[in-house]
Amino acid sequence: MDFGTEKTALDAKIVTTIGNPNTGKSTLFNRLTGLRQQVSNFPGVTVEYAKGHLALEEFDVQLIDVPGTYSLTAQSPDEIVAVDVLQGAVPETPLPDAVIIVIDSTNLRRNLFLCTQVLEAGIPAVIALNMTDSLPSLGIEINYPILEEILGIPLIPVSASTGDGITNLEAALVNTLRMPTPNRDLAICPDIDKAIEQLLSLFANHQVSSIEMRRAFIDKNGLADKRLSSRLGEPYSQLRDKLRSRLGKGRSISAIEARDRYSWINAALKKVQSVQDPNKNKAVEILDRVLNHPLIGSLIFVLTMGAIFQAVFAWASPLIELINLGVAALSQVSSDYLGDGLISSFVSNGLISGVGSVIVFLPQILILFIFIIILEDTGYISRAAFLMDRVMRGIGLSGQAFIPMLSSFACAVPGIMGTRIMADRHDRLATILAAPFMTCSARLPVYSLLIGTFIPNTHIFGGFIYLQGLTLLFLYLLGIVGGGITALIVSLLFWKRKKSTFLLEMPPYRLPKLSNVAIKLYGRAVVFLKRAGTIIFSVAVLVWVLASFPMGNGTKTEMPPSISQSYLGQMSKAVHPLFAPLGWDWKVTAAVIASFPAREVVIAALATIYAVDLSSDGKATPLSEKIKNAVHENGTKIYTIPMVLGLLVFYALCLQCMATVAVIRKETETWRWPIISWLYMTSLGYGGAFLVYQVGTAMAVAT
Amino acid sequence: MNTTLAKMSVGQTGEISGFQESNHSVENLLQMGLTEGSEIEILRLAPSGDPIELRVSGYSLSMRKADAELVIVTI
């Protein structure tokens, strides 16, 4: 591949950071680039990466941070990208000029596994040996010069959290960029090396990189293997199988590689590392004991999750109110200033409320993100997965699905985005399809309007429980049960192909760094705004257009025209017969249709429909009064208890969220799953509402 | 004496001596450093007894009992 045209300046260089998870890799990345970075997506795949700039002597270095991985055996989407970056196979991301391999010095053995795999890719490399400041307390001593000598590349002890050694690392990187030298052949798996050489020489004119051939040969049915099989065809597969069986004699090549590599590492470590009895840190030990105590630890876990859940709602609500007030005021000001007319209506009802409906989500999303980032940076997120694994297994998922599910109670979009860490694609798919069932914050305004207006606030069971609260609880449970059953269905469909995959490192607890939390928060907020914000905004504007056109031929004062003549009104009347069995009139239908792209729009839509409709009396009564008094053409009340309960069930089960649909599309990389999910949830919502309304009405008649 | 990782109790230590079968899970375990000859220590169990958390080559790893059953340990 020729990337010469993309390098505009002579001294522009691409450097990538790679390393195990929990090595402080992103802290190091932030240390090197500061705020000169952005979170992007690798084209074509969902994996996010941070990209930053760094001026080093005569070089303009573009630093690419690939997701943490334990091995180049690519399994999760995050790991596949790491391999692709190392072979220059990612579109728009040229082959790196150098690699910074980040190693946790307190965990040298396992970290050297990936390190030596990366060295085999042949890209000039520098090792950043991180967390060397923790070595004395752990009783570990490492002989740096000998380790450097064995690996054959510069090895720089650093502490990403304090900044020690960073200038040395930069100097070593400059040296490597000035005089790139090929990595020494470590001869870790000589037999495998021979087989790969044979394969490479046979397909020399197919431009296969040696690292791609290596991974394809070693990782049977892995991504690289599948790619090469389809690219090189039968001659390749035949030779590969022959070499594999000759070399493996029944054992898998991957197991041979792992054993060879670890015996090489064991031999190397004997020369460079000595471990004494650690001088244990009393505070850390006590913390560990408390957090890991079967009873106290579980209690702390439940309290922590409860507190996060509570904070996401309680802390956000004053901010949300403030945003709503601000948007209403701004909307008022603009309509006062612009007067009546199409432009005024577009600015205040389309643009301003569109922007408002996006930023109103930000308080909850940002608070949720802060907590999740803190959970990640402290290492507690692994503890959560460990504690919840047994529970989540009940619905065919693993403990790693727990945090995405919890996030989905605020919003399914970050929840679904959070499934990326899951290596098993069927686990991941089940979690993605279950997430939209969780009662997200966009459902709450609908619930509170309908419950507050129609469910009597009576006490039941001796006054301890409110009927309104019970209804809300029921709706939460309905979402959890719906999601659980969905996950179970997906797991059962794929159960034959599923393997038990819960192999999770439990990192030591670490204090999160404020600047790291802030940089991560900023990155994720931008991604959320890009992915969900643009859709929510477009939908709000689209709903305005559908409700405002075609324009009446009346005078200016009749602007905007009657809802019933608008496109929205016409559409609703046309499809209304479909929804009549749910007890809805065309106005409810219109509001529900308007909220299909974003469910929270239903409140604004109802307000518009009842306030704007010329057949209403036009008095400024609150929305709850208006819907209470709404009647069918025959004079019977529309919002009966069975109809309201049905409508609630509809909102609980239906996938009325374009942003979620778009995120499912992005994360599953196919339209199949978002379409299936949408059809499935919409049918469930319709069926549920139908059942509740019909049975409820029949019961009401019977009594 | 040989046993499996799944049958060990909290606080017990041992040395990995092999695997019950060779499959994809075992490949994963090998890559995470659970090779023959490695010393392991059971750190704790989740409240329901599964998954388990163990110490291997200087770090903590949690896994399900189903996977731990594959690992033969000499204690």
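Since the structure is predicted, the reported quantities are computational estimates derived from the model, not experimental observations.

Caption draft 1: Seen up close, the interface of chain A and chain B. Across the contact, 33 residues belong to chain A and 31 residues belong to chain B. Carbon and sulfur atoms make up 53% of the surface buried where chain A meets chain B, a total of about 2,900 Å² over both sides. At the junction of chain A with chain B, the criterion picks out 17 residue pairs in polar contact (both at pLDDT 80 or more). At the level of elements, helix H3 (108-119), helix H10 (253-272), helix H12 (294-314), helix H16 (380-393) and strand S12 (503-505) of chain A are the ones that each hand at least two residues to the side of chain A that touches chain B. Looking at the side of chain A that touches chain B element by element, the count peaks at 6 residues for H16(A). Residue classes in the side of chain A that touches chain B are distributed as 13 nonpolar, 11 polar and 9 charged.

Caption draft 2: Up close: empty space enclosed by the protein. Residues and elements named next belong to chain A. Counted by the stated rule, this structure contains 6 cavities of 30 Å³ or more. The space that makes up the largest cavity amounts to roughly 160 Å³. Broken down by element, the residue count for the lining of the largest cavity peaks at 3 residues, all from helix H22 (residues 514-548).

Caption draft 3: Layout of the packing of H12(A) against helix H13 (residues 316-338) of chain A. All names here are of chain A. H13 packs onto H12 with a crossing angle of 20° between their chain directions and a minimal axis gap of 5 Å. In terms of orientation, H12 lies roughly parallel with respect to H13. In contact with Ala311, Val312, Phe313 and Ala314 of H12, H13 contributes Ala316, Ser317 and Pro318. Here the contact of H12 with H13 is composed, by residue class, of 6 nonpolar, 1 polar and no charged.

Caption draft 4: Representation of the packing of aromatic side chains within the structure. Residue and element names in this part refer to chain A. Tallied over the entire structure, the rule returns 14 aromatic pairs over all chains. Arranged with centres 5.7 Å apart and planes meeting at 50°, the rings of Phe301 and Phe402 form a pair that is tilted. Taken together, the residues Phe301 in helix H12 and Phe402 in helix H17 (residues 402-407) connect sequence positions 101 residues apart. With a relative accessible area of 12%, Phe402 lands in the buried category. Judged by centre distance (5.1 Å) and plane angle (85°), the rings of Trp584 and Phe650 are edge-to-face. With Trp584 in the loop between helix H23 (567-579) and helix H24 (586-594) and Phe650 in helix H27 (residues 641-653), the pair connects residues that are 66 residues apart, well separated along the chain.

Caption draft 5: Inspection of the state of the cysteines at higher detail. All names here are of chain A. Under the counting rule described, the total for this entry stands at 0 disulfides over all chains. Residue Cys189 stays outside any disulfide, its sulfur separated by 14 Å from that of Cys115, the closest cysteine. You can see Cys440 has no disulfide; the closest cysteine sulfur is in Cys411, sitting 6.4 Å from it.

Caption draft 6: Seen up close, the confidence of the model for chain B. Residue and element names in this part refer to chain B. Confidence along chain B averages 92 in pLDDT terms, with 100% of residues attaining 70 or more. Element-level mean pLDDT values for chain B span from 90 in helix H1 (residues 24-31) up to 95 in strand S6 (residues 71-74). At the level of chain-chain contacts, confidence expressed as ipTM amounts to 0.95, with global pTM at 0.82.

Caption draft 7: Region of interest: the nonpolar core. With 89 residues, the main nonpolar core has Ile18(A), Ile101(A), Leu5(B) and Leu34(B) as its most contacted residues. Looking at this core element by element, the count peaks at 10 residues for H10(A). Membership of the second largest hydrophobic core comes to 73 residues, among which are Met388(A), Ala412(A), Met422(A) and Val490(A).

Caption draft 8: Broad picture of the sheet that holds S6(B). As summarised here, the arrangement of the 7 strands in space is S12(A)-S5(B)-S4(B)-S3(B)-S2(B)-S6(B)-S1(B), forming an open sheet in which the pairing is antiparallel. The outermost strands of the open sheet, each flanked by one partner alone, are S12 of chain A together with strand S1 (2-4) of chain B. Strand-to-strand twist in this sheet, taken as the mean axis angle between neighbours without regard to direction, amounts to 40°. Where strand S4 (residues 52-56) of chain B and strand S5 (residues 59-63) of chain B come together, 5 bridges link them in antiparallel fashion. Counterpart to Arg55(B) in the pairing with S5(B) is Ser60(B).

Caption draft 9: Summary view of the side chain of Thr419(A). Residues and elements named next belong to chain A. Topologically, Thr419 is positioned in the loop between helix H18 (412-417) and helix H19 (425-434). In this structure the side chain of Thr419 is engaged in a polar contact, spanning 2.7 Å, whose partner is the backbone oxygen of Ile416. Here Thr419 is in contact with Pro404, Arg428, Thr431 and Ile432, once residues within four sequence places are set aside.

Parameters and conventions
- Residues numbered from 1 in each chain as written.
- Chains lettered and ligands numbered in written order.
- Predicted model: local features only at pLDDT ≥ 70, side-chain atom pairs only at ≥ 80, totals over all residues.
- Heavy atoms only, no water.
- Contact = heavy atoms within 4.5 Å.
- Buried area = accessible area lost by both parts, 1.4 Å probe.
- Polar contact = N/O pair within 3.5 Å; in protein donor to acceptor, adjacent residues only side chain to side chain.
- Helix = DSSP H or I, 4+ residues; strand = E, 2+ residues; numbered from the N terminus.
- Nonpolar A, V, L, I, M, F, W, Y, C, P; charged D, E, K, R; others polar.
- 1 Å grid on protein atoms, 1.4 Å probe; cavity = no way out; pocket = protein on both sides within 12 Å on 5 of 7 lines; lining within 4 Å.
- Points joined across faces, edges and corners; volume = space filled by probe spheres on them.
- Axes fitted to C-alpha atoms, helices over the stretch in contact; angles between N-to-C directions.
- Parallel < 35°, antiparallel > 145°, perpendicular 65-115°, else oblique.
- Phe/Tyr/Trp six-rings, centres within 6.5 Å; stacked < 30°, edge-to-face > 60°.
- Buried < 20%, exposed > 50% of the residue type's maximum accessible area, 1.4 Å probe, protein only.
- Disulfide = S-S within 2.5 Å.
- pLDDT = per-residue confidence, 0-100.
- Core = buried A, V, L, I, M, F, W, Y, C linked by side-chain atoms within 4.5 Å.
- Pairing = 2+ DSSP bridges.

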